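Summary of the model geometry
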Amino acid sequence: MTDAPGLPGHPLAWTPPAGPAGPHMERTGNGSQGAGPLFLTSPLARGVSGIFVWAALVLTGHQIYLHLRAYTVPNEQRYIIRLLLVVPVYAFDSWLSLLLLGAQQHYVYLDSVRDCYEAFVIYSFLSLCFQYLGGESAIMAEIRGKPIRTSCFHGTCCLQGMTYSIGFLRFCKQATLQFCIVKPIMALVTIVLQAFGKYHDGDFNVRSGYLYVTLVYNASVSLALYALFLFYSATSELLRPFEPVLKFLTIKAVIFLSFWQGLLLAILERCGVIPEVQVIDGNTVGAGTVAAGYQNFIICIEMLFASIALRYAFTCQVYSEKKDHSPGMQDRSPRLWSPWTVLRAGVLRGARAAP
């Protein structure tokens, strides 16, 4: 019996040629074999994200300019401007990270800048709330001795029978501000681990730094969010004239939801929903890097809506009205209220206060 053509050992048997294509087909990972170009590196993704980013920058820049033009309550508006800057920092940082997406994880260093500003935003927001209410002593004069309202929504169901005290207020303050310390430290740890190859997004292995950084982040974020809920529950009546609901929701959405959004994408990557994708230059990008890329793309889109929400939450109308009704203010030239004049006035005021 003769061998059939095509079977092993037959003279006409065909053997696939060995070549450069072999190693590419043997890449390991979730679905990397035969994958097409990565959407995040396409001109469409970069163009759409760029349009949203620059629209958010224009809206926020205009709002900051309006506050500087009507800079009538510096003790409040300086914190408001710091809060508004979260949109340019988040949007431009995420867009730049998206443009640099590739085999090299340069985005980790850029995201560390965003993480540090998150801590500054939380500090500025809490300081603004205290400024609205006249400081810690003024708040305590209003709430001291009052019974704590129990609410499962605000997380005070276990505080039944207790009253507001200075210890309660300082717990809210310290538990919120610990996030401002933990966030930059973890950003620095991430950079160091990345430099030594011990940090990979979405890698929950016990030998990877991502697992421990995520656990610390999650504990810190949860504690800070709980403390803000407690603070809002205690001062909601006092803050009512300042329309705090939209302010609280907007800042919490920008800071806290973005963190859990990234964590959800990392979990989806771990479950294999986000596969490794072969990019245009032939390098295979890890699934964790792809998940981080989608996080940056989503943030670019979200920042436009965040800028619109912040425009209503921190409107400058009330400060413009104070400027218009100030004695002698109507006859002043608008040139005198340029951002340079505001900065110069602040420097002179600091020099007079110096001993």
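Named according to an unreviewed UniProt entry, the chain is TMEM184A originating from Cervus elaphus hippelaphus. Looking at the Subcellular location (unreviewed entry) heading of the UniProt record, one finds this comment for the chain: "Membrane".

Quick look at the overall build of the chain now. Assigned secondary structure in the chain consists of twelve helices and two strands. Helices and strands appear in the chain in the N-to-C order α-α-α-α-α-α-α-α-α-β-β-α-α-α. Counting the 355 residues in the chain, one finds 45% classified as buried. Contacts in the chain between residues far apart in sequence, at least 24 positions, make up 75% of those at least 6 positions apart. Roughly 18,800 Å² of accessible area belongs to the chain as shown, and the carbon and sulfur atoms make up 66% of that amount.

Further remarks concern empty space enclosed by the protein. Rolled over the atoms, a probe with the dimensions of a water molecule shows which regions are left empty. For the structure on display, the rule yields two cavities of 30 Å³ or more. One number sums up the size of the largest cavity: a volume of about 510 Å³. If you trace the largest cavity, you find 28 residues lining it, with R114, Y199, D201, G262 and Q295 closest to the centre. Of all the secondary structure elements, the ones that give two or more residues to the lining of the largest cavity are α5 (107–132), α7 (166–195), α8 (209–239), α9 (244–270) and α10 (287–313). Within the lining of the largest cavity, the residues separate by chemical class into 14 nonpolar, eight polar and six charged. The computed volume of the second largest cavity comes to approximately 40 Å³.

Positive phi, normally seen in glycine, also occurs at E243, with a value near 50°. Summarising the element assignment, E243 is placed in the loop between α8 and α9. Given the relative accessible area of 57%, E243 is considered exposed.

For helix α2 (residues 43–69), with 27 residues, the first-to-last C-alpha span of 38 Å sits near the 39 Å given by 1.5 Å per residue. Along α2, the positions that sit buried rather than exposed are A45, S49, G50, V53, A56, L57, T60, Q63, I64, H67 and L68.

A grouping of L246, F305, I308 and Y312 is seen on the molecular surface, where their side chains present a nonpolar patch of about 430 Å² in accessible area. By residue number, the principal contributor to the nonpolar patch is α10, which donates three residues. I308 sits in the partly exposed class, given a relative accessible area of 37%.

Glancing now at the UniProt feature "transmembrane region" (unreviewed entry) in the chain. Within this numbering scheme, the UniProt entry marks residues 47–68, 80–100, 120–141, 175–197, 209–233, 245–268 and 294–314 as carrying the feature "transmembrane region" (unreviewed entry). End C-alpha to end C-alpha, residues 245–268 measures 32 Å, and it is 100% helix and 0% strand.

For the structure shown, the criterion picks out 13 aromatic pairs. Aromatic pair F39 and F297: ring centres 5.8 Å apart, planes at 80°, arrangement edge-to-face. In this pair, F39 is assigned in the loop between α1 (21–25) and α2 and F297 in helix α10, connecting sequence segments 258 residues apart. Since its relative accessible area comes to 36%, F39 is described here as partly exposed. A residue is classified by how much of its surface remains accessible, and F297, at 15% relative accessible area, is buried. Taking 5.0 Å as the distance between ring centres and 85° as the angle between the ring planes, the aromatic pair formed by F125 and F248 counts as edge-to-face. Here the residue F125 occupies a position in helix α5, and F248 occupies one in helix α9, the gap between them amounting to 123 residues. Look at F125 and you get buried, because its relative accessible area is 2%. The rings of W54, F92 and W95 are connected pair by pair, giving a single aromatic cluster.

All right, on to the layout of surface pockets then. Of the voids in this model, the largest pocket is the one considered here, and its volume is about 280 Å³. Contributing to the lining of the largest pocket are 16 residues, with P241, F242, K247, T315 and V318 lying nearest its centre. Those elements giving two or more residues to the lining of the largest pocket turn out to be α3 (74–84), α10 and α11 (317–324). Broken down by element, the residue count for the lining of the largest pocket peaks at five residues, all from α11. Size it by volume and the second largest pocket reaches roughly 180 Å³. For the second largest pocket, the full set of lining residues is Y90, T250, A253, V254, L257, S258, Q261, I299, E302, M303, F305 and A306.

Running from amino to carboxyl end, helix α4 (residues 86–99) crosses α10 at an angle of 155°, the nearest separation of the two axes being 8 Å. Considering the angle they form, α4 stands roughly antiparallel to α10. Every pair of crossing elements has a handedness; the one defined by α4 and α10 is left-handed. Together, V86, V87, Y90, A91, S94, W95, S97 and L98 of α4 and G293, N296, F297, I299, C300, M303, A306, S307 and L310 of α10 make up the contact between the two elements. Residues belonging to the contact of α4 with α10 are distributed by class as follows: twelve nonpolar, five polar and no charged.

Inspection of the secondary structure assignment puts S208 in the loop between α7 and α8. Here the alpha-carbon distance between S208 and L193, two residues 15 residues apart in the chain, equals 8.9 Å. Apart from the residues within four sequence positions on either side, S208 is in contact with K198, H200 and D203.

Calculation notes
- Residues numbered from 1 in each chain as written.
- Predicted model: local features only at pLDDT ≥ 70, side-chain atom pairs only at ≥ 80, totals over all residues.
- Heavy atoms only, no water.
- UniProt positions renumbered as here; feature names shortened; annotations may be inferred.
- Helix = DSSP H or I, 4+ residues; strand = E, 2+ residues; numbered from the N terminus.
- Buried < 20%, exposed > 50% of the residue type's maximum accessible area, 1.4 Å probe, protein only.
- Contact = heavy atoms within 4.5 Å.
- Areas by Shrake-Rupley, 256 points an atom, 1.4 Å probe, with all protein chains shown as cover.
- 1 Å grid on protein atoms, 1.4 Å probe; cavity = no way out; pocket = protein on both sides within 12 Å on 5 of 7 lines; lining within 4 Å.
- Points joined across faces, edges and corners; volume = space filled by probe spheres on them.
- Nonpolar A, V, L, I, M, F, W, Y, C, P; charged D, E, K, R; others polar.
- Expected span 1.5 Å × (residues − 1).
- Patch = residues over 30% accessible without salt bridge, like charges linked within 9 Å, V, L, I, M, F, W, Y side chains within 5 Å.
- Salt bridge = Lys/Arg side-chain N within 4 Å of Asp/Glu carboxyl O.
- Phe/Tyr/Trp six-rings, centres within 6.5 Å; stacked < 30°, edge-to-face > 60°.
- Axes fitted to C-alpha atoms, helices over the stretch in contact; angles between N-to-C directions.
- Parallel < 35°, antiparallel > 145°, perpendicular 65-115°, else oblique.
- Left-handed = near helix turned anticlockwise from the far one by under 90°.

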